[in-house]
Amino acid sequence: QKEVEQDPGPLSVPEGAIVSLNCTYSNSAFQYFMWYRQYSRKGPELLMYTYSSGNKEDGRFTAQVDKSSKYISLFIRDSQPSDSATYLCAMISFSGGYNKLIFGAGTRLAVHP
Amino acid sequence: GAGVSQSPSNKVTEKGKDVELRCDPISGHTALYWYRQSLGQGLEFLIYFQGNSAPDKSGLPSDRFSAERTGGSVSTLTIQRTQQEDSAVYLCASSIVDRGNIQYFGAGTRLSVL
């Protein structure tokens, strides 16, 4: 079993829809949770970054962490065609030798006009 | 300032040849990471450099893969005797290591082994 599970999609939604992207994880030592966005032929860019459980909002994006369920979500409101990308969740564990970043497989999102 | 720079952006090589991929991290970032991303897959950790410490090579898939970081800045990932299964995008990231460890990525090198 992978440490981080993420449905690869693809997920196709109409413009203006609310998008929900999710990851589950197995390692309770994870403390920092991130969402990266990756456009085609580009490197991942950090979108959202949260510590421990709770919600964090930034514009149309909301990141949610539920450590008791080992489940994180990214919500995109009023989705736009420019949101079409692959979204990767990532988590940091401080156990072991260093701050290792573990990525999910990424979910491909397509927002169509 | 400038982001993480990787070169070449694309590399096509023949099976059995050696390749070198270069990463120029963000100035002042002490940590540097190499990842591999295969089609439809997440990022696979390869190697991590932090300051003058010995690198963490635990992710390197075979002894054909090696990396070095000169002067605490530029890094080169070398793949010897390339195989078709080495075809992937090789991503480099750098960070200032703290409890947040936010990694900033380059655009990657797309390697195709024919």
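Structure report, in brief. Every value quoted in this text rests on a predicted model; they were computed, and no experiment measured them.

**Points about the interface of chain A and chain B**
Contacts between chain A and chain B engage 21 residues on the former and 23 residues on the latter. Of the roughly 1,700 Å² buried between chain A and chain B on both sides combined, carbon and sulfur atoms contribute 54%. Viewed at the interface, chain B and chain A are joined by 0 salt bridges. Applying the counting rule to chain A against chain B returns 2 residue pairs in polar contact (both at pLDDT 80 or more). Among the elements of the structure, β4 (30-38), β5 (45-51), β9 (85-93) and β10 (100-103) of chain A are those that each provide at least two residues to the side of chain A that touches chain B.

**Comments concerning the side chain of S73 of chain A**
Residue and element names in this part refer to chain A. Checked against the element boundaries, S73 lands in strand β8 (residues 71-76). Judged by its relative accessible area of 2%, S73 is buried. With sequence-adjacent residues up to four places away left out, S73 is seen in contact with L21, N22, W35, T62, A63 and Q64.

**Side note on the packing of aromatic side chains**
Residue and element names in this part refer to chain B. A complete count under the given rule lists 12 aromatic pairs over all chains for this structure. Relative to F45, the ring of Y35 lies with its centre 6.3 Å away and its plane at 75 degrees, an arrangement referred to as edge-to-face. Residue Y35 is found in strand β4 (residues 31-37), and its partner F45 is found in strand β5 (residues 43-50); the two are separated by 10 residues along the sequence. Across the pair, exposure class does not vary: Y35 and F45 are buried alike.

How each quantity is defined
Residues numbered from 1 in each chain as written. Chains lettered and ligands numbered in written order. Predicted model: local features only at pLDDT ≥ 70, side-chain atom pairs only at ≥ 80, totals over all residues. Heavy atoms only, no water. Contact = heavy atoms within 4.5 Å. Buried area = accessible area lost by both parts, 1.4 Å probe. Salt bridge = Lys/Arg side-chain N within 4 Å of Asp/Glu carboxyl O. Polar contact = N/O pair within 3.5 Å; in protein donor to acceptor, adjacent residues only side chain to side chain. Helix = DSSP H or I, 4+ residues; strand = E, 2+ residues; numbered from the N terminus. Buried < 20%, exposed > 50% of the residue type's maximum accessible area, 1.4 Å probe, protein only. Phe/Tyr/Trp six-rings, centres within 6.5 Å; stacked < 30°, edge-to-face > 60°.

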